[in-house]
Each structure stands twice: as structure tokens, then as C-alpha cells.
Amino acid sequence: MPNLTSWYRSAARDLPWRRREFHDGFGAWGVLVSEFMLQQTPATRVIPHLDAWLTRWPTPAAMAEATTAEVVQQWANLGYPRRALWLHRAAIEVVERHGGVVPRDVDALLALSGIGDYTARAVAVFSYGDRYPVVDTNTRRVLARAVEGRAHPAPPSRRDLALMDALLPDDDVEAALFNAATMELGATICTARAPRCEVCPIAEQCAWLAAGRPDTGDARRRQAAYEGSDRQARGTVLRLLRDAAPDAVPLAAVIPEWPDARQRDRAIDSLIADGLAETDGEGLTLPR
DNA sequence: TATGCGTGGGG
DNA sequence: TCCCCAAGCAT
């Protein structure tokens, strides 16, 4: 798909982590932080937080010195606050195992907390310029459609990596561009809900379009309802702790109005178990 | 392999 | 309005 990278060169969004100054200023640490934030959070929501984060903690060593409470509070409303915990742990591991330098080796990256197949290769490729397949949800959707002729990708698997690897150009720089271009196409043109095939640069090579876009409206596994869920309870408790920090909230004042007291207590217990909260028996706080 | 894990914007 | 889903990861 040779027209994909040429399309990317002209159509790519101007995102902070794609700018030269960003890489010059924050290096692989900046890429790592941005990738953590981008895990399941839209780019437009990440942008306002990224600069503040990196200004406060410009290196892994700086962040390793922070408390969990500070990190969770700075994470604010980005969602999935366990990511803040994992990023903090990863910073500490980078200091302890790698002298404060984000590793280049994919296996070393994979061994860091909160880093999986996507993030490890994203850092290796987008920061260090090495040649690996970078496969995220956008890439998997583009491959499912363009190559396999299906509206939706199968669940993530190692096969995605092999498929993308086979499509990657030999040259490191071109391969990195191809990775980024595929993700960008999925994010902006080949979207999940309303793909804009009319302006797609690889429409002529797309198996799904050639087949008449079968199964366009098929819904996949439904996300569990959020209203009334344990996750909502956890989110509400944690917001309370963030707003109160560094002060503790008396246990009796932790969302006493919550309709399901057992669910509330379950949320508190699970936050403590995750390391996102702690208690002395009287109050609840973000961990010190 | 399937599930749990936040939060908010857009169709 | 409601619902889909978003640069995933750990278990």
C-alpha cells in the first residue's frame, strides 16, 4: 500500500508527540508518557494533560521521586487511574534497572509495568526508530477491512503482529511511517462507526470496500453499562479522594449517599487492593 | 481467551 | 437522548 505513507505525509494531524521539539525535549520518556495516556483515551483528551505532566516530571528519575498521591492527582480525569500507578512504577523500574534511561529493547520495555505489545513497540519505533509492527485498535481495523475484507477485526492476537510485520517496508524510517500512517488512517478515515471510504487513499486496494462493505452496522460485544456499575462507584470515590488530597476523607463521608452501600464498600476495598487508596481505619486517602 | 477497568465527546 | 467507543493492559 504505497500510497498510504504519501497520504500520511500530507494529511497527518499535527499532534504534540509528532513534533520534533517534543522528541528533542523529552525523548523516549515523553513518548512513553504520551503512549500511557493514549491507552484507551482519545488523543484530543490527552493533549491538555501531556505538557503539564512532562513539565512537572521531565524525566523518569523526577517521576520516581513523586508520591502515588501526587501522580494519581495529576492524572486527574484521564480515566483508568491504574495507568497512573503503572506509569509511576515503570518510572521507578527504569531508574532501578536502566539507570533512568527508557530502554530501547522491546523485551526490556515489555518487562516494565503497564507496558504491553502495543506500547513497547510504539516506544521502540516512534522514539528509537527501530523496525517493528505497531498494532493498535486502528491498525487492526484497517487490516481487517483492507486485507481481510471484514468490517470488524477479530479479538487482538499475536497474529496481528505477524500480519503487520509482513506489510512493513524494509527501511526503518519508512516502516515507522507506515505504522503511523496505518494508525492515522484508522483514527481519521477508516473509523469504526462511519468510515469515509470516499476519501480513503487505499480505497482501490480495500477488500472490504470491493466486497460492498458487508456487515457495516454489526455491533460487536457491548460494553457493560456504566450507570450503576462498580466502575462508576470506584470513579466517584477516587474523584472524591483527588479533590480532597492531600487530606484524608473520613470513612463515614465517603459517598454516604451512594444507593448501594455494599457496592460502595466493594469499591473502596478494590481501590485499596489496587493501591489507589489507603486507610488508617478512620479516613481514606490517596496513598502516600 | 474473556473480563474488568474511567471518562467524556460525537453521531 | 442514548449509545458507541476510544494510540490497552493485567489477570
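By convention here, each chain's residues receive numbers from 1 onward along its written sequence. Chains and ligands are labelled by the order in which they are written, letters from A for the one and numbers from 1 for the other. Only residues with pLDDT of 70 or above have their local features reported here, since the model is predicted, and side-chain atom pairs are shown and tallied only from 80 upward, although totals for entire chains, interfaces and linings are computed over all residues. Calculation of side-chain values draws on the structure's entire complement of heavy atoms; hydrogens and water are dropped beforehand.

## Topic: the sheet that holds strand S3 (residues 283–285)
Pairing between the strands of a sheet is mediated by backbone hydrogen bonds and can be parallel or antiparallel.
Next up, step 1: In this analysis, strands are considered paired if DSSP registers two or more bridges between them. Counting from the N terminus, the helices are the DSSP runs of H or I reaching at least four residues and the strands are the DSSP runs of E reaching at least two. In space, the three strands of this open sheet follow the order S1-S3-S2, with antiparallel pairing throughout. Either end of the sheet is taken by a strand with one partner, and the two such strands are strand S1 (249–250) and strand S2 (278–279).
Next up, step 2: With two bridges connecting them, S1 and S3 associate as antiparallel partners. If you follow proline 250 over to S3, its bridge partner there is glycine 283.

## Points about the protein's contact with DNA strand C
Next up, step 1: Near DNA strand C you find 25 residues, and of these Trp17, Leu38, Gly114, Thr119 and Gln223 are the closest.
Next up, step 2: Nearness is defined per residue: one heavy atom within 4 Å of the molecule or strand is enough. Near-protein atoms of DNA strand C (within 4 Å) split between backbone and bases, with sugar and phosphate holding 59%.
Next up, step 3: For this analysis, a polar contact is any N or O atom pair within 3.5 Å, provided that within protein one partner can donate a hydrogen and the other can accept it, and provided that sequence-adjacent residues contribute only side-chain to side-chain pairs. At a separation of 2.8 Å, a phosphate oxygen of DNA strand C approaches a polar backbone atom of glycine 114.
Next up, step 4: Glutamine 223 places a side-chain nitrogen or oxygen 2.9 Å from a base nitrogen of DNA strand C.
Next up, step 5: Only helix H2 (20–38), helix H8 (117–126) and helix H9 (137–146) provide two or more residues apiece to the surface near DNA strand C.

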